[in-house]
Amino acid sequence: SAVISQKPSRDICQRGTSLTIQCQVDSQVTMMFWYRQQPGQSLTLIATANQGSEATYESGFVIDKFPISRPNLTFSTLTVSNMSPEDSSIYLCSVEGELVNEQFFGPGTRLTVL
Amino acid sequence: AQSVTQLGSHVSVSEGALVLLRCNYSSSVPPYLFWYVQYPNQGLQLLLKYTTGATLVKGINGFEAEFKKSETSFHLTKPSAHMSDAAEYFCAVSRQWGDSSYKLIFGSGTRLLVRP
């Protein structure tokens, strides 16, 4: 399975600011995914990021709020813009595995917005 | 559309007792099914998966799950709970999206508590 790292592992931010989360994989992957896990909740897919194309966002998530970059096959960033306390969540990136429909997850970024 | 239902947001067992975490799915096509575990302050780790073939799937840490098409279930079991099994467990089903892409749909999760 791929080794995935995320930076930062956690952060406390003021409302109105933005935070960029980095996701690094130790192998080349085509598909990367970004999820949000609100406190005590399950995972919700934010968007799918394929290298060389615009990210595809799920219903309820927009590019202005969650811009995503995917400059190469091993790296992606998710920015949480103009943050409010409701954005306090764990943000996780994942990558496709070798087997069909399989995903491996990074350790997550725990964000608290004051 | 695919969906996943996990019965019981919290399950409490004694150390050494059987662990049973329930997962039912709905899918209009043969599903791919997964169980993930999330330990406190960590990301998700793949426990096991069912794609095709044998319906009893063995995973890491002594866990296994059985795909029962007639019951649309994929329950997770472990014969003897260990204190280190205390975590949040998520069942997931994959959903086809477009020609070759897919998404994972997660259940709401079950928190396993292990009593000494």
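From a predicted model like this one, the values you see are computed outputs, not experimental measurements.

Enquirer: Help me out: how do you make sense of the sheet that holds strand β7 (residues 64-68) of chain B in this one?
Expert: Across a sheet, strands are paired by hydrogen bonds formed along the backbone, either parallel or antiparallel in direction. Residue and element names in this part refer to chain B. An order of β1-β3-β8-β7-β6 is seen for the five strands of this open sheet, with the pairing classed as antiparallel. Edge positions in the open sheet fall to β1 (3-7) and β6 (56-58), since each of these has one partner strand only. Taking each pair of neighbouring strands and ignoring which way they run, the sheet shows an average axis angle of 20°. Relative to β7, β6 runs antiparallel, the two being bridged by three bridges. Of the residues in β7, the one forming a bridge with L56 is E66.

Enquirer: Explanation requested: the sheet that holds strand β1 (residues 4-7) of chain A in the structure shown.
Expert: Residue and element names in this part refer to chain A. Strand order in the open sheet made by the four strands is β1-β3-β8-β7, with antiparallel pairing throughout. Of all the strands in the sheet, just β1 and β7 (68-72) have a single pairing partner and so form its edges. Averaged over neighbouring strand pairs, the angle between their axes works out to 15° when direction is ignored. Alignment of β7 against strand β8 (residues 75-80), held across three bridges, turns out to be antiparallel. When the sheet's bridge partners are listed, I68 is paired in β8 with L78.

Enquirer: Is there a simple way to explain the side chain of R70 of chain A in this structure?
Expert: Residue and element names in this part refer to chain A. With respect to the element layout, R70 can be found in strand β7. Among the polar contacts listed, one links the side chain of R70 to the backbone oxygen of T30, at a separation of 2.8 Å. Side-chain polar atoms of R70 contact the backbone oxygen of F75, separated by 3.3 Å. Apart from residues lying up to four places away in sequence, R70 is in contact with V29, T30, M31, M32, A49, N50, Q51, G52, F75 and S76.

Enquirer: Please clarify how the interface of chain A and chain B should be interpreted in this entry.
Expert: How big an interface is tends to be stated in terms of accessible area lost as the parts join. Across the contact, 24 residues belong to chain A and 20 residues belong to chain B. The contact between chain A and chain B buries some 1,800 Å² in all, and 57% of this surface belongs to carbon and sulfur atoms. Counting the surface chain A buries against chain B, the share from its top three residues, S42, N101 and F105 of chain A, is 29%. Where chain A touches chain B, the interface holds two salt bridges. Across the pair K103 of chain B and E58 of chain A runs a salt bridge whose closest N-O atoms are separated by 2.8 Å. Scanning the region where chain A abuts chain B turns up seven residue pairs in polar contact (both at pLDDT 80 or more). Only β4 (31-37), β5 (43-50), β9 (89-96) and β10 (103-105) of chain A provide two or more residues apiece to the side of chain A that touches chain B.

Criteria and thresholds
Along every chain, residues carry numbers that run from 1 in the direction the sequence is written. Chain labels run from A onward and ligand labels from 1 onward, assigned in the order the entries are written. Predicted model: local features are reported for residues with pLDDT of at least 70 only, side-chain atom pairs are reported and counted for 80 or more only, and whole-chain, interface and lining totals are derived from all residues. Note that the side-chain values use all heavy atoms of the structure and ignore hydrogens as well as water. Strand pairing is defined by DSSP finding a minimum of two bridges between the two strands. Only DSSP runs of H or I with at least four residues qualify as helices, and only runs of E with at least two residues qualify as strands; both kinds are numbered from the N terminus onward. Think of each axis as a best-fit line through the C-alpha atoms, taken over the contacting stretch in the case of a helix, with angles from 0 to 180 degrees between the N-to-C directions. Side-chain atoms alone can form a polar contact between residues adjacent in sequence; in general such a contact is a pair of N or O atoms within 3.5 Å, and within protein one must be able to donate a hydrogen while the other accepts it. Residue contacts are counted whenever heavy atoms from the two residues lie within 4.5 Å of one another. In this description, buried area is defined as the sum, over both parts, of the accessible area (probe of 1.4 Å) that is lost when the two are combined. We define a salt bridge as a contact between a side-chain nitrogen of Lys or Arg and a carboxyl oxygen of Asp or Glu at a distance within 4 Å.

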